[in-house]
Amino acid sequence: MALWAQMTPQLQYLPTQTLNELYPDTFPLDVRHYLASWIEEQRWENFDVGAEAQKPQARRLLDQMVHLLQEVAQHNPNVVERVKLQHISRNLSVFQPQPMQLVRTVRDILRKERHILAQAGMHPNFSPFQQIPQGPPATNGTPKPAREDGKTDVDNLVLKVLEIQNCRQTIHQLEEDLNWEKQEMESIQGQNELDPQHSDQVARQTRIQQLEYNYSVCAKKRVQLLHEAVCALEQCQSCLILRIKSWRWEQHRATIGVHFDDNLGPLQTWCEQLLGVNGNLRQELMLVKRDHGEAEQFHTLQESLTHLLQTLIQSSLVVDKQPPQVIKTQSKFSTIVRYLLGEKMAPGKPVLLKAQIITEAQARNLGQQGVVPNENVGELINSTAILEHNTSSKSTCATFRNMSIRKIKRADRKGSESVTEEKFALLFTTEITITGCENPYSIQAISLPVVVIVHGSQEINAMATIIWDCAFSEPNRIPFIVPERVPWKQMCEALSSKFMSEVQTQRCLDGYNLHFLAQKIFDQPDISEDFSNMLVSWAQFNKHTNTFTYCCVFKFIHLHVILQNKPNGTFLLRFSDSEMGGITIAYVGPSDNGGRKIQNIQPFTKKDLDSAGLGDRIRDINCITHVHPDLPKNEVFKKFFTVPSPPNPDGYLPFKLTTVVNPGDQGSSTASIPPDTPMDIYGQSMSNVYGSNMNQGMFSPDINCITHVHPDLPKNEVFKKFFTGM
């Protein structure tokens, strides 16, 4: 338990993402804590994770772990912890089909813990969660990696390999000197103590003894250095794999606007350097075995280097440019897959990368490298591409330029689940031969989850599925599991990030904006309470994607921001967030207390605009005067105004359609904002006066030139029931 005792104080400094990567869902932190002593007593490093013969031993460890965890749960006085541990023990059954995966998981956790503690010991100012220590800020204020993605660790590895090589050369020199001295010793053997050359014989014997001692010390040091180098390579490569996973995770989060540096150059350099170190160590190990024979410790080192090589080769395929996460069948799309060890591929036959579409269930079965789903769930057009090296960018990529999904096979859906909630992924597979390696390696990479649609009307709901997946999925999750409910606070972070990305602004959503969104999503427009402790469900989020798109709301909030300091009468046109296809006018108007407030005129529908054009309606509304920022509306829209009709030749008087805004009518209010909000946001109703249709106000009181119906009945009394808005 010594390792866990040292590790426990460091946990408080680890960020959530690092903890999730260190202790995945399949082996949570609770197991490491409650079974710490037992875990550290087992000989995880003695396993060959590729050996079928060791599976029974691994399964026994799994059964013993489950049994111990159940005992801990049974004796735990805290009922919450007891239930939690019982649940975890049941979840460990995921390792039953592949018990070697448990061995690999636990072994990797222990290695990463030792690496964190080693780094903390080597660097006094080391912060344990800095997998890649940060350097001083750049000129733009963004931290830049001082060690260029683990460069210091790689440099130390290279120096250690050089030390092993120097040690080998020293041993070789000692062997030559020793052979020479022994040869000279043989030529003067048999002399007695009185012989003048006897002293030379004694001196040579002393030198031989010293050379033999030096040889022994150097040989032991050589083996020790080899062990240390392999261990350091394991730790450094573990950091690299974590960084590649982190890069993929950041790429995933970029969908909702989280900052993402897509530069793979440093990671490629890191991969290439570790491949070189691995090759040098395998060569040195071969020479050690030649000099010392086939010892068991050398066999273990060889297995470790072989496994590290395989892991590195198979982890270096990444999806550089993801396919669209909402894909419409019969539509073209592209994606780019990059191999970080491309310059180390063996020359000769071109490497062909194949793509196929897989389901969520198939993605979950990809844990074992080399397993490719047999069932074809979709017909993918232009699904192959060659890995080609670009000398200028030093990258090796397969570019799929004109892919398309011809058809897709849907899974059986349960309940009200929609096709736009079904997630797929693209799987890329090939075989790679690396220079210096005898056998080819099967490698694969999987894209981010995608939703396949067949009609444009499904796009909004599909994008909602993607946004929820990107915002609330956990690192190292089982594909593609997401929570059904999330805290509103977490939703706020995601929406704010998406808002800044969508509107291209550095300003995040403030409390008033988020309160407005909460009223929308919880369907409580008149509630001013705090929503922060409420949970928002996927169903609530998805329900609003048709009638109330968040992209629309983002632009609405941004509009509120840019209008808030403008004078009365300043206005903008925007698409309605409540009337699909509707256009509304947001303008600055006077408030009851003498201040200003942003008001939104009831949306104009297509039917409204067919009766009277938008230009004429803008001309008629007297409370709007200037288009943002300060352009007089009559100058901007005059070319859209309707020219007054000339008198009809038959003597009839022409009529005019007039748009009237009633600022006092708040019947179409879109939000209720807390009283301390600096600027109120609510809708204003709009009534249209038409003279061509009885249903649209033929008997309107606004035609001032007529007052009485024949013979002498006041028009307002006769037609009052037909008046609009009265």
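All residue numbers here refer to positions counted from 1 along the written sequence of the relevant chain. It should be noted that, the model being predicted, local features are given only for residues of pLDDT at least 70 and side-chain atom pairs only at 80 or more, the latter also being counted only at that level, while totals for whole chains, interfaces and linings use all residues. Hydrogens and water molecules were not included; the side-chain quantities draw on all heavy atoms of the structure.

Undergrad: Could you give an account of the overall build of the chain, with specific residues and numbers?
TA: In this description a helix means any DSSP run of H or I spanning at least four residues, a strand means any run of E spanning at least two, and both kinds are numbered starting from the N terminus. Tallying secondary structure elements over the chain gives 21 helices and 24 strands in all. With a 1.4 Å probe rolled over the protein chains alone, any residue whose accessible area is under 20% of its type maximum counts as buried; one over 50% counts as exposed, and the rest are partly exposed. Looking at the 726 residues of the chain, the share that counts as buried comes to 45%. Looking at the chain alone, contacts between residues at least 24 apart form 66% of all its contacts between residues at least 6 apart. Accessible areas in this description were obtained via Shrake-Rupley with a 1.4 Å probe; residue shielding takes into account the shown protein chains only. About 38,000 Å² of surface is accessible on the chain, with carbon and sulfur atoms providing 52% of the total. Residues are treated as being in contact if the distance between any of their heavy atoms lies within 4.5 Å.

Undergrad: Please set out the packing of aromatic side chains residue by residue, giving values where relevant.
TA: Each Phe, Tyr or Trp ring, with Trp reduced to its six-membered ring, pairs with another whose centre is within 6.5 Å; inter-plane angles below 30 degrees give stacked pairs, above 60 give edge-to-face pairs, and intermediate values give tilted ones. A complete count under the given rule lists twelve aromatic pairs for this structure. Against the face of Phe641 rests Arg619, its NZ or CZ located 5.3 Å from the ring centre. Charges are assigned to positions over rings by a cutoff of 6 Å between ring centre and Lys NZ or Arg CZ, combined with an angular limit of 35 degrees from the ring normal.

Undergrad: How would you sum up the side chain of His252? Please name residues and give values.
TA: Within the secondary structure, His252 sits in helix H9 (residues 198–253). For His252, a relative accessible area of 5% corresponds to the buried category. In terms of polar contacts, His252 uses its side chain to reach the side chain of Asp469, at 3.0 Å. When sequence neighbours within four positions are dropped, the list of residues in contact with His252 reads Leu448, Pro449, Asp469, Cys470, Ser473 and Arg477. Here a polar contact means two N or O atoms within 3.5 Å. Within protein one must be a hydrogen donor candidate and the other an acceptor candidate, and residues neighboring in sequence count only if both atoms are side-chain atoms.

Undergrad: Could you give me a rundown of the nonpolar core, with the residues and numbers involved?
TA: For our purposes a nonpolar core is just a set of buried Ala, Val, Leu, Ile, Met, Phe, Trp, Tyr and Cys residues, chained together by side-chain atoms within 4.5 Å. Of all hydrophobic cores here, the largest spans 66 residues; its most connected members are Leu274, Leu281, Ile313, Tyr339, Phe400 and Ile434. Among the elements that make up this core, the one with the highest residue count is H9 (eleven residues). Each of domain 2 (149–311) and domain 3 (332–410 + 418–456) contributes no fewer than three residues to this core. Residue contacts for Phe400: discarding those within four places in its chain leaves Phe333, Ser334, Thr335, Val337, Leu353, Ala355, Asn382, Ser383, Thr384, Ala385 and Phe428. Listed in part, the 34 residues of the second largest apolar core include Leu14, Val31, Ile39 and Ile88. As used throughout, domain bounds are those supplied by an automatic or database domain assignment.

Undergrad: Describe the sheet that holds strand S8 (residues 384–386), with residues and values.
TA: Taken in spatial order, the four strands of this open sheet run S8-S6-S11-S12, and their pairing is antiparallel. Among the strands making up the open sheet, the edge pair consists of S8 and strand S12 (441–446). Pairs of neighbouring strands in the sheet enclose a mean axial angle of 30°, with direction left out of account. Across three bridges, the pairing between strand S6 (residues 352–359) and S8 is antiparallel. Looking across to S8, one finds that Leu353 is bridged to Ala385. Only strands that DSSP links by at least two bridges are regarded as paired with each other. Axis lines are fitted to C-alpha atoms, over the contacting stretch for helices. Their N-to-C directions set the angle, which ranges from 0 to 180 degrees.

Undergrad: Tell me about the pattern of salt bridges, residues and numbers included.
TA: Here the idea is simple: oppositely charged side chains can pair when their charged atoms come close. Here, a salt bridge means any Lys or Arg side-chain nitrogen found within 4 Å of an Asp or Glu carboxyl oxygen. Inspection of the entire model under this criterion finds 27 salt bridges. For Arg477, the salt bridge identified is with Asp469, shortest N-O distance 2.8 Å. Each member of the pair Arg477 and Asp469 is classed as buried. Between Arg619 and Asp616 there is a salt bridge whose closest N-O contact spans 3.3 Å. Of the two residues, Arg619 and Asp616 both sit in helix H19 (residues 614–620), three residues apart, roughly one turn of that helix. Since its relative accessible area comes to 8%, Asp616 is described here as buried. A single network of salt bridges, built from pairs that share partners, joins Glu45, Arg111, Arg114 and Glu234.

Undergrad: Quick one: what's the story with the pairing of strand S16 (residues 570–575), residue by residue and with numbers?
TA: Strand direction decides the pairing type here: S16 and strand S19 (residues 626–627), joined by two bridges, are parallel. Paired with Thr570 across the strands is His626, a residue of S19.

Undergrad: A description of unusual backbone geometry should follow, citing residues and the corresponding values.
TA: For the bond running from Pro479 to Phe480, omega is -15°, close enough to zero to count as cis. Residues His628 and Pro629 are joined by a peptide bond in cis, for which omega reads 10°. Residue placement: Pro629 occurs in the loop between S19 and strand S20 (631–632). The backbone phi angle of Asn382 is positive, close to 55°, even though this residue is not glycine. Tracing the chain through its elements places Asn382 in the loop between strand S7 (378–381) and S8. The partly exposed category is assigned to Asn382, whose relative accessible area is 45%. For Asp523, which is not a glycine, the phi torsion comes out positive at approximately 55°.

Undergrad: Explain a nonpolar patch on the surface to me, and be specific about the residues and the numbers.
TA: Judged by side-chain polarity, Val79, Val80 and Val83 come together as a nonpolar surface patch covering roughly 270 Å² of accessible area. Mapped onto the elements, Val83 comes out in helix H6 (residues 79–91). Under the relative-accessibility criterion, Val83 is labelled partly exposed at 47%. For patches, a residue must show more than 30% relative accessible area and have no salt bridge; joins then use 9 Å for like charges and 5 Å for nonpolar side chains, namely Val, Leu, Ile, Met, Phe, Trp and Tyr.

Undergrad: Break down the environment of Phe424 for me, with residues and values.
TA: Mapped onto the elements of the fold, Phe424 is located in strand S11 (residues 424–432). For Phe424, the residues in contact, after removing those within four places along its chain, are Ile357, Ile358, Thr359, Ile408, Lys409, Arg410, Leu448, Pro449, Val450, Val452 and Phe480.

Undergrad: Let's hear about helix H10 (residues 265–292): which residues, and what values?
TA: The terminal C-alpha atoms of H10, which comprises 28 residues, lie 40 Å apart, in line with the 40 Å expected from a rise of 1.5 Å per residue. Backbone geometry just after H10 places Gly293 at a positive phi near 90°. To estimate how far a helix should extend, the number of its residues minus one is multiplied by 1.5 Å.

Undergrad: I'd love a proper account of helix H14 (residues 488–503), names of residues and values included.
TA: Between its first and last C-alpha, H14 extends 22 Å over 16 residues, near the 22 Å set by a 1.5 Å rise per residue. Remark: Gln504 follows H14 within two positions and exhibits a positive phi of approximately 60°.

Undergrad: If you had to explain the packing of helix H13 (residues 459–472) against H14 to someone new, which residues and values would you point to?
TA: Interhelical geometry of H13 versus H14 gives an angle of 115° and a closest axis separation of 10 Å. Classified by the angle between their axes, H13 and H14 sit roughly perpendicular to one another. Both H13 and H14 take part in a crossing whose hand is right-handed. Two secondary-structure elements touch here, H13 through Ile467, Trp468, Ala471 and Phe472 and H14 through Gln490, Met491, Ala494 and Lys498. Amino acid classes used here: Ala, Val, Leu, Ile, Met, Phe, Trp, Tyr, Cys and Pro are nonpolar; Asp, Glu, Lys and Arg are charged; the rest, including Gly, are polar. Each residue belonging to the contact of H13 with H14 can be placed in one class, and the counts come to six nonpolar, one polar and one charged. For this classification, under 35 degrees means roughly parallel, over 145 means roughly antiparallel, 65 to 115 means roughly perpendicular, and everything else is oblique. Each crossing is labelled by how the near helix is turned from the far one, with a counterclockwise turn of less than a right angle marking it left-handed and a clockwise turn marking it right-handed.

Undergrad: Could you give an account of the environment of Glu579, with specific residues and numbers?
TA: Secondary-structure assignment places Glu579 in the loop between S16 and strand S17 (583–590). Among residues more than four places away in sequence, those in contact with Glu579 are Pro603 and Thr605.

Undergrad: Can you tell me about the packing of H10 against helix H11 (residues 296–315), naming the residues and giving the values?
TA: The geometry of H10 relative to H11 is characterised by a closest axis approach of 10 Å and an angle of 160° between their N-to-C directions. Taken as axis vectors, H10 and H11 run roughly antiparallel relative to one another. As H10 packs across H11, the resulting crossing turns out to be left-handed. Taken together, the residues of H11 that come into contact with H10 (itself represented by Cys271, Leu274, Leu275, Asn278, Leu281, Arg282, Leu285, Val288, Lys289 and His292) are Phe298, Leu301, Gln302, Leu305, Leu308, Leu309 and Leu312. Here the residues of the contact of H10 with H11 sort into twelve nonpolar, three polar and two charged.

Undergrad: Any chance you could break down the confidence of the model for the chain for me, citing the residues and the numbers?
TA: Close inspection of predicted coordinates is inappropriate for parts of the model with low pLDDT. The pLDDT value expresses, per residue, how confident the predictor is, ranging between 0 and 100. For the chain, per-residue confidence averages 81 on the pLDDT scale, and 83% of positions sit at 70 or higher. Per-element averaging of pLDDT across the chain places strand S1 (residues 134–137) at the bottom with 35 and strand S5 (residues 333–339) at the top with 98. In this model, residues 122–149 is a region of pLDDT below 50 whose contacts with residues beyond four sequence positions or in other chains number 38 contacts. Across residues 665–699, confidence stays below pLDDT 50; counting only partners more than four residues off in sequence or on other chains, it has 106 contacts.

Undergrad: Could you give an account of the environment of Arg364, with specific residues and numbers?
TA: Tracing the backbone shows Arg364 in helix H12 (residues 360–364). Spatially, the C-alpha atom of Arg364 lies 9.7 Å from that of Arg477, the residues being 113 residues apart in sequence. Beyond its immediate chain neighbours, meaning those up to four positions away, Arg364 contacts Ile478, Pro479, Phe480 and Ile481. Here the side chain of Arg364 touches Glu360 through a polar contact of 2.7 Å, side chain to side chain.

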